[in-house]
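# Residue-level structural notes
What follows is each chain in one-letter form.
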Amino acid sequence: QVRLVQSGGGLVQTGGSLRLSCAASGSISIYNAMAWYRQPPGKQRELVATITVSGGFTKYVDSLKGRFAISRDNAKNTLYLQMNNLTPEDTAVYYCAGSTTNDRPRRYDYWGPGTQVTVSS
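In this report, the structure presented in the accompanying data block is examined. Within any chain, residue numbers begin from 1 and follow the written order of that chain's sequence. It should be noted that, the model being predicted, local features are given only for residues of pLDDT at least 70 and side-chain atom pairs only at 80 or more, the latter also being counted only at that level, while totals for whole chains, interfaces and linings use all residues. Excluding hydrogens and water, the side-chain values take into account all heavy atoms of the structure.

Moving on, we get to the packing of aromatic side chains. Aromatic rings from Phe, Tyr and Trp, taking only the six-membered ring of Trp, are treated as a pair when their centres fall within 6.5 Å; an angle between ring planes under 30 degrees marks them as stacked, one over 60 as edge-to-face, and anything in between as tilted. Applying the stated criterion across every chain, the model contains three aromatic pairs. With 5.0 Å between their ring centres and 55° between their planes, tyrosine 37 and tryptophan 111 make a pair best called tilted. Highlighted residues: tyrosine 37 in strand S4 (residues 33-39) and tryptophan 111 in strand S10 (residues 110-111), separated in sequence by 74 residues. When a residue's accessible area, from a 1.4 Å probe over protein chains only, is under 20% of the maximum for its type it is buried; when over 50% it is exposed; and in between it is partly exposed. When its relative accessible area of 16% is taken as the criterion, tyrosine 37 is described as buried. What makes tryptophan 111 partly exposed here is its relative accessible area of 33%. Here the guanidinium or amino end of arginine 45 rests over the ring plane of tyrosine 95, the centre of that ring lying 4.0 Å away. Note on criteria: charge over ring means Lys NZ or Arg CZ within 6 Å of the ring centre, with the direction from the centre no more than 35 degrees off the ring normal. Positioned above the aromatic ring of tryptophan 111, the side-chain terminus of arginine 45 is 4.6 Å from the ring centre. For helices the rule is a DSSP run of H or I covering at least 4 residues; for strands it is a run of E covering at least 2, with both sets numbered from the N terminus onward.

In structure tokens, the structure reads:
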């Protein structure tokens, strides 16, 4: 079973940057797409960005375009999320996810454990 192992979270000041990583224990080529979600304190989990594994096509939540960038390195079997100009509103637990299905809307069936990102004011 492929596991997703996350790293890169932590505490950062407003305006700072962080890069999250999500390393698969096997090949990420088993996934059709991968994504980053986040769950702010007291709120529901929300989609941040998606990327297709083969073609690298990306989609973002409109409010995060220009600040966040999703990418993947197929050779390293790793998914990334570069987050810039962070604000306290970005404070959340961030999850990576992989989809092996062809369901629409897309369903993610593999999840990382989550990593805390805290942005101080």
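Here the narrative resumes.
Moving on, we come to the pattern of salt bridges. Note on definitions: salt bridges are taken to be side-chain nitrogens of Lys or Arg within 4 Å of carboxyl oxygens of Asp or Glu. In this structure the tally under the stated criterion is five salt bridges. The shortest N-O distance in the salt bridge between lysine 65 and aspartate 62 comes to 3.2 Å. Note on accessibility: lysine 65 and aspartate 62 belong to one class, exposed. Between arginine 107 and aspartate 103 there is a salt bridge; the shortest N-O distance is 2.9 Å. A residue is classified by how much of its surface remains accessible, and aspartate 103, at 33% relative accessible area, is partly exposed. One salt-bridge network, held together by shared partners, links Arg38, Glu46, Arg67 and Asp90.

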